[in-house]
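Per-entry structural report
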Amino acid sequence: MKLFEHKPFDPRAVMGFGVLNGISIGLLNLSLGFNSVGFYQMTKLAIIPCTILLETLFFRKKFSRNIQLSLVILLVGVGIATVTDLQLNVLGSVLSLLAVLTTCVAQIMTNTIQKKFKVSSTQLLYQSCPYQALTLFIIGPFLDGLLTNKNVFAFKYTPYVLFFIVLSCLISVSVNFSTFLVIGKTSPVTYQVLGHLKTCLVLAFGYVLLHDPFSWRNILGILIAVIGMVLYSYCCSLESQQKASETSSQLPQVKEGETDPLINAEKGTGDGVAKAPAWNSNKDLHA
């Protein structure tokens, strides 16, 4: 349909990224299966602090106190609204820890790869989705059989079931597009903030459309979370304006790309244009 141009780049980076994404999806589902819903929600809340920690350690990215405060308010609100019970077990805790780490690294790589190789979200998704699909196709049926003693290929797939499988796949494709686009244009932390907004909307729509039980705790948590989101958006906009004004004032002295720690443009080129460095064995993959 020519909606985007195929742009191949470092195959090792693409394969590692695709496999890591597949493993992340599998671990998140296993975490939900082996933990209570409350503990799983705590796992999702831990992704933002972990992402901030990794970006601070490996990319020297700085988060202002205002942004940190807004994120704390957001996490407290979502925690109040969603976390109900906390039942701990060793296997579930280990799976949750691995799920948080792989998810954070995968989302950071989504942003880093797009900037480093100058590819769009669609180009990256096109390159990596075969590896992601293959990873899930290999480990999925095996784990299903191991955990449920049932063979997914022995299931009777009626037209009704197939319709909803295809519908689920189409929705998942749109989710993948939006995920890569949001992370590429903003940041992994902003994407997680958007994800928590989704959680609040799920609770609200569940009450309005499906008449799910709704307590004062849910209402209070959603209100606090929305306040945190508004503060985060305001702080991000304010800092973006400040950076834009600083960049424009220093334009003759600063080359394009040198202010972004994720790109790390090389210096000293003869034509004055910053070039992206070659993809090394990559801190992202070992983060």
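Residues numbered from 1 in each chain as written. Predicted model: local features only at pLDDT ≥ 70, side-chain atom pairs only at ≥ 80, totals over all residues. Heavy atoms only, no water.

**Structural notes on the overall build of the chain**
If you tally the helices and strands in the chain, you get 10 helices and 0 strands. For the chain, the sequential pattern of α-helices and β-strands runs α-α-α-α-α-α-α-α-α-α. When the 287 residues of the chain are sorted by exposure, 36% land in the buried category. Partitioning the intrachain contacts of the chain with sequence separation of at least 6 by distance along the chain shows that 83% fall at a separation of at least 24. (Helix = DSSP H or I, 4+ residues; strand = E, 2+ residues; numbered from the N terminus. Buried < 20%, exposed > 50% of the residue type's maximum accessible area, 1.4 Å probe, protein only. Contact = heavy atoms within 4.5 Å.)

**Brief notes about the nonpolar core**
Counting residues in hydrophobic clusters, the biggest one holds 21 residues, and the most contacted among them are F9, I113 and L124. Secondary structure elements with two or more residues in this core: helix 1 (11–34), helix 3 (47–59), helix 5 (90–116) and helix 6 (121–148). With 7 residues, the top contributor of residues to this core is helix 5. Look past the residues within four positions of L124 in its chain and what remains in contact with it is F9, F17, T110, I113, Q114, V119 and F180. Within the second largest apolar cluster, 19 residues are counted, among which are I67, A81, V83 and V193. (Core = buried A, V, L, I, M, F, W, Y, C linked by side-chain atoms within 4.5 Å.)

**Regarding helix 6**
Maximum bend of helix 6: about 40 degrees, positioned at S128, with proline P130 one to four residues after it. Buried-residue contacts for helix 6 involve helix 1, helix 5 and helix 7 (159–185). Looking one or two residues beyond helix 6, the residue adopting positive phi is N149, at roughly 60 degrees. (Bend = angle between axes of the 7 residues up to and from the residue.)

**Remarks on a nonpolar patch on the surface**
A surface patch of nonpolar side chains, amounting to about 790 Å² of accessible area, comprises L194, L197, L201, F205, Y207, V208, L209 and L210. Inspection of the secondary structure assignment puts L209 in helix 8 (residues 188–210). The exposure class assigned to L209 is exposed, which follows from its relative accessible area of 61%. (Patch = residues over 30% accessible without salt bridge, like charges linked within 9 Å, V, L, I, M, F, W, Y side chains within 5 Å. Areas by Shrake-Rupley, 256 points an atom, 1.4 Å probe, with all protein chains shown as cover. Salt bridge = Lys/Arg side-chain N within 4 Å of Asp/Glu carboxyl O.)

**A look at the UniProt feature "transmembrane region" (unreviewed entry) in the chain**
On the UniProt side, "transmembrane region" (unreviewed entry) is annotated at positions that read residues 12–32, 38–59, 66–84, 90–110, 131–148, 160–182, 189–210 and 216–235 here. Counting secondary structure, residues 12–32 comes out at 100% helix and 0% strand; the distance between its end C-alpha atoms is 30 Å. Taken end to end, residues 38–59 has its terminal C-alpha atoms 32 Å apart, with 95% of it in helix and 0% in strand. (UniProt positions renumbered as here; feature names shortened; annotations may be inferred.)

**So, the side chain of T112**
Within the fold, T112 resides in helix 5. Judged by its relative accessible area of 1%, T112 falls in the buried class. From its side chain, T112 meets the backbone oxygen of I108 in a polar contact 2.8 Å long. (Polar contact = N/O pair within 3.5 Å; in protein donor to acceptor, adjacent residues only side chain to side chain.)

**Some points on the packing of aromatic side chains**
Applying the stated criterion across every chain, the model contains 6 aromatic pairs. When the centroid spacing of 5.8 Å and the interplanar angle of 75 degrees are considered together, the rings of F17 and F180 count as edge-to-face. Within this pair, whereas F17 is found in helix 1, its partner F180 is found in helix 7, the two being separated by 163 residues in sequence. A connected cluster of aromatic rings, assembled from ring pairs, spans Y160, F163 and F164. (Phe/Tyr/Trp six-rings, centres within 6.5 Å; stacked < 30°, edge-to-face > 60°.)

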